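Given next are the chains, with one letter for each unit.
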Amino acid sequence: MDPARALEINTDLARKVLTEWLRTEIQRHGFRRAVVGLSGGVDSALSCTLAAEALGPENVLAVRMPYRTSAPESYDHAGLVIEATDVQEITVPITDMVDPLFERFPEADRVRRGNAMARARMIVLFDQSMAFEGLVVGTGNKTEILLGYTTLYGDSACALNPIGDLYKTQVRQLARAVGVPQVIIEKAPSADLWQGQTDEGELGFTYDEVDKLLYLLVDARYSPEGCVAAGFAPEFVERVIALVRRNQFKRVLPPIAKLSNRTVGYDFLYLRDWGT
Amino acid sequence: MPTLTLALAQITTRLGDVAANLEKHLNLIAEARAQGADLIMFPELSLTGYVLQDLTPEVALRPTGADPLFKPLLEASKDIDLLVGFVEAERRHRFYIAAAYLSQGEVIHVHRKVYLPTYGLFDEGRFFAWGDRVRAFDTRFGRCGVLICEDFWHASPPYLLWLDGADLMLFTSASPGRGLNQEPRLESARWVEQINQAYASLFTTFVAHANRVGFEDGLNFWGGATVFDPEGRRLAHGPYHEEALTLAELDLDQLHRTRARLPLLRDERTALMQRELQRILSTDQE
């Protein structure tokens, strides 16, 4: 199997399913509108574009939430998406929300600070969700969900996520197809939580590489040995498997200690679309 | 020339809202009738929605005129034959994924799904009882057989229906779409269409498939209704991922023409099959 080839998707089909899914799943719960946090990166650019196509740009609110040290080009790239999709927009800087916390805990390292920023953005998004009467559309892709490269209750928080089953390399393909500006697709991915941060620098491998490995491990159900036989370095395989396992807690709801005969999460089973 | 005008309804449903789904059925039945259809088939669990989980006992019904939600369907079947999907509650409170064939105000046949997928994203065995019959039945268009989704992912139920005399196989699904690659249809769609065409060819019979559309939580259902003739040729194809009523004209004389040329049914060695199957099942398999 050639995983690079297997990762290539029919973007027309993906676009059709995802836009219809967004429209259906938002409207069946009585909403017409959506809110998207726009970072200037390719993931949120894609989610925003799909939402605009699904609901009409007038029904989508893009929210830019810079911190004082955020890269200015992040803000500008988000502006390109707003321009290209014609969605509504608001900018809510988070500096005044998080700086008092950082002043209280000056020893906080950059991971703590980054997490607090991601969660401050979540607060803004869900507040705008109420104000705009729109559901928060998620922007996490399959690669970061599997690797746990995300802040729990931060950037991973949303009402529904159209791109969570697309690997980063597939996000890029679909982004290209729906007209996300080239400069956004081609730049180095970054959470922009501190200056000079890049995903691939922090993770220590490229999305192209890890997507191929994750495809074999997760989608094609290869054993670790099978991945090594397919040409991946053993330490790389081990490290990725460890990341996936260690971050399972970010992919599930917190467990509830079972006492009664019927417990939410175990034997009280209904879809969210119950009755709709 | 005996022809059957078959309507395949690929619909989205409201999860657990039988009354709302019934209304959609009645509207489509009227539309199919207006278009001259003799038989309209609805997808698996068309009256209830698919991922029912703990809703299962609440939406279950008995397919008789005594049920207020089933009665209008029996009424409607006076003008056009119907195949509808529902949860059947039997007398002793076991729940089945079922499909009922209705004609002239009567329930002619009920099929209870015999294969309940309980793997991967599927969890049917947790909520439903397993049907244990595969039977063909007579209709005014000839002998038919009904199977539901996973039933026809296994080769034996279609084979049994073939031997039991079914010349028209009516397959229904609520098939979650999965397997996005470079192709213009999902892997699950390719697979189902491939095996439907294979059954039509292998059994020199008509094979019709109605699948639902829409979404339930993150799942999509892909539609793409098909009818294949006894030559394995596709007579009709519904669109993917959208609601549609697809009509097909089945020239029932094609059975004669195909089987005169290709006597696969005549030559089927059922006694040999039975003998060998008995041997295989009685031998210790390691």
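Our subject is the structure listed above.
In this report, we go over the structure that sits alongside the text. (Residues numbered from 1 in each chain as written. Chains lettered and ligands numbered in written order. Predicted model: local features only at pLDDT ≥ 70, side-chain atom pairs only at ≥ 80, totals over all residues. Heavy atoms only, no water.)

### What to know about helix 11 (residues 207-219) of chain A
Residue and element names in this part refer to chain A.
So, point 1. For helix 11, the complete set of buried residues consists of Y207, V210, D211, L213, L214, Y215, L216 and L217.
So, point 2. Looking at the buried side of helix 11, the elements it contacts are helix 1 (3-6), helix 7 (142-147), helix 8 (168-178), helix 10 (199-203), helix 12 (224-229) and helix 13 (234-246).
So, point 3. Positive backbone phi, at 55°, marks R221, one or two positions downstream of helix 11. (Buried < 20%, exposed > 50% of the residue type's maximum accessible area, 1.4 Å probe, protein only. Helix = DSSP H or I, 4+ residues; strand = E, 2+ residues; numbered from the N terminus. Contact = heavy atoms within 4.5 Å.)

### Details of the side chain of T276 of chain A
So, point 1. On the secondary structure map, T276 of chain A appears in the segment after helix 13.
So, point 2. Owing to a relative accessible area of 16%, T276 of chain A belongs among the buried residues under this scheme.
So, point 3. If we ignore the near neighbours within four places in the chain, the residues touching T276 of chain A are R28 and H29 of chain A together with T13, R14 and L15 of chain B.

### Observations regarding the interface of chain A and chain B
So, point 1. The interface of chain A with chain B comprises 26 residues on the first partner and 26 residues on the second.
So, point 2. For the pair chain A and chain B, the two sides together bury roughly 2200 Å², of which 54% comes from carbon and sulfur.
So, point 3. For chain A, the biggest contributors to the area lost against chain B are L13, L269 and L271 of chain A; these three give 27% of the whole.
So, point 4. In this assembly, chain A and chain B are joined by two salt bridges.
So, point 5. Two residues, R262 of chain A and D54 of chain B, come together in a salt bridge whose shortest N-O distance is 2.5 Å.
So, point 6. Seen at the junction of chain A and chain B, the total is 16 residue pairs in polar contact (both at pLDDT 80 or more). (Buried area = accessible area lost by both parts, 1.4 Å probe. Salt bridge = Lys/Arg side-chain N within 4 Å of Asp/Glu carboxyl O. Polar contact = N/O pair within 3.5 Å; in protein donor to acceptor, adjacent residues only side chain to side chain.)

### Observations concerning the packing of helix 2 (residues 11-27) of chain A against helix 8 of chain A
All names here are of chain A.
So, point 1. Following both chains from N to C, one finds helix 2 and helix 8 inclined at 85°, their axes separated by 10 Å at the closest point. By the angle between their directions, the pair helix 2 and helix 8 is classed as roughly perpendicular. For the pair helix 2 and helix 8, the contacting residues are T11, A14, R15 and L18 in the first and Q173, L174, A177 and V178 in the second.
So, point 2. Per-class residue counts for the contact of helix 2 with helix 8 are five nonpolar, two polar and one charged. (Axes fitted to C-alpha atoms, helices over the stretch in contact; angles between N-to-C directions. Parallel < 35°, antiparallel > 145°, perpendicular 65-115°, else oblique. Nonpolar A, V, L, I, M, F, W, Y, C, P; charged D, E, K, R; others polar.)

### Description of the sheet that holds strand 4 (residues 95-103) of chain B
All names here are of chain B.
So, point 1. One open sheet accounts for six strands, arranged 5-4-3-2-1-14; its pairing is mixed. Of all the strands in the sheet, the pair left with one neighbour each is strand 5 (106-112) and strand 14 (244-251). Across the sheet, the mean angle separating the axes of adjacent strands is 30° when strand polarity is ignored.
So, point 2. Bridge count for strand 1 (residues 3-10) against strand 14 is eight bridges, and the pairing is antiparallel. When the sheet's bridge partners are listed, L6 is paired in strand 14 with A248. (Pairing = 2+ DSSP bridges.)

### Re the nonpolar core
So, point 1. Counting 72 residues, the largest nonpolar core has I40, F70, L73, L82, L170 and L250 of chain B as the members making the most contacts within it.
So, point 2. Considering every element that reaches this core, the biggest residue donor is strand 4 of chain B, with seven residues.
So, point 3. Leave out the neighbours within four places in its chain, and L170 of chain B touches L39, M41, L83, Y101, C144, G145, V146, L147 and A208 of chain B.
So, point 4. In terms of nonpolar packing, the next biggest core, distinct from the first, is built from 41 residues, V17, L18, A45 and V178 of chain A among them. (Core = buried A, V, L, I, M, F, W, Y, C linked by side-chain atoms within 4.5 Å.)

### Some words on the pattern of salt bridges
Residues and elements named next belong to chain B.
So, point 1. The tally for this structure, following the rule as stated, stands at 34 salt bridges over all chains.
So, point 2. Linking E44 and K113 is a salt bridge whose minimum nitrogen-to-oxygen distance equals 2.6 Å. Of the two residues, E44 sits in the loop between strand 2 (39-41) and helix 2 (56-59) while K113 sits in the loop between strand 5 and helix 4 (124-127), which places them 69 residues apart along the sequence. For the pair E44 and K113, one class covers both residues: buried.

### Things to note about helix 8 of chain A
All names here are of chain A.
So, point 1. Burial analysis of helix 8 places nine of its eleven residues in the buried class, which makes it a mostly covered element.
So, point 2. All of the buried residues in helix 8 are K168, T169, Q170, V171, R172, Q173, L174, A175 and V178.
So, point 3. Looking at the residues trailing helix 8, positive phi occurs at G179, about 90°.

### Some points on the packing of aromatic side chains
So, point 1. Tallying each qualifying case throughout the model produces 18 aromatic pairs over all chains.
So, point 2. Between F232 of chain A and F236 of chain A, the ring centres sit 6.3 Å apart and the planes meet at 40°, which makes this aromatic pair tilted. The residues F232 of chain A and F236 of chain A share a single accessibility class, namely buried.
So, point 3. Ring plane angle 55° and centroid distance 6.0 Å describe the contact between Y159 of chain B and W162 of chain B, whose orientation is recorded as tilted. Taken as a pair, Y159 of chain B and W162 of chain B lie in helix 5 (residues 156-163) at a separation of three residues, close to a single helical turn. Pair check on accessibility: Y159 of chain B and W162 of chain B agree, each one buried. (Phe/Tyr/Trp six-rings, centres within 6.5 Å; stacked < 30°, edge-to-face > 60°.)

### Some details on the sheet that holds strand 1 (residues 33-37) of chain A
Residue and element names in this part refer to chain A.
So, point 1. One open sheet accounts for four strands, arranged 3-2-1-4; its pairing is parallel. Both edges of this open sheet fall to strand 3 (88-91) and strand 4 (134-136), since each of them pairs with a single strand only. Pairs of neighbouring strands in the sheet enclose a mean axial angle of 25°, with direction left out of account.
So, point 2. As defined by bridge partners, strand 1 adjoins strand 2 (residues 60-64) across four bridges and the pair is classed as parallel. In the strand pairing of strand 2, A34 is matched with V60.
So, point 3. On top of the sheet, helix 4 (residues 72-85) reaches strand 2 and strand 3; it is set at about 170° to strand 2, its chief contact.
So, point 4. Across the face of the sheet, helix 6 (residues 110-132) comes into contact with strand 1, strand 2, strand 3 and strand 4 while running at roughly 160° to strand 1.

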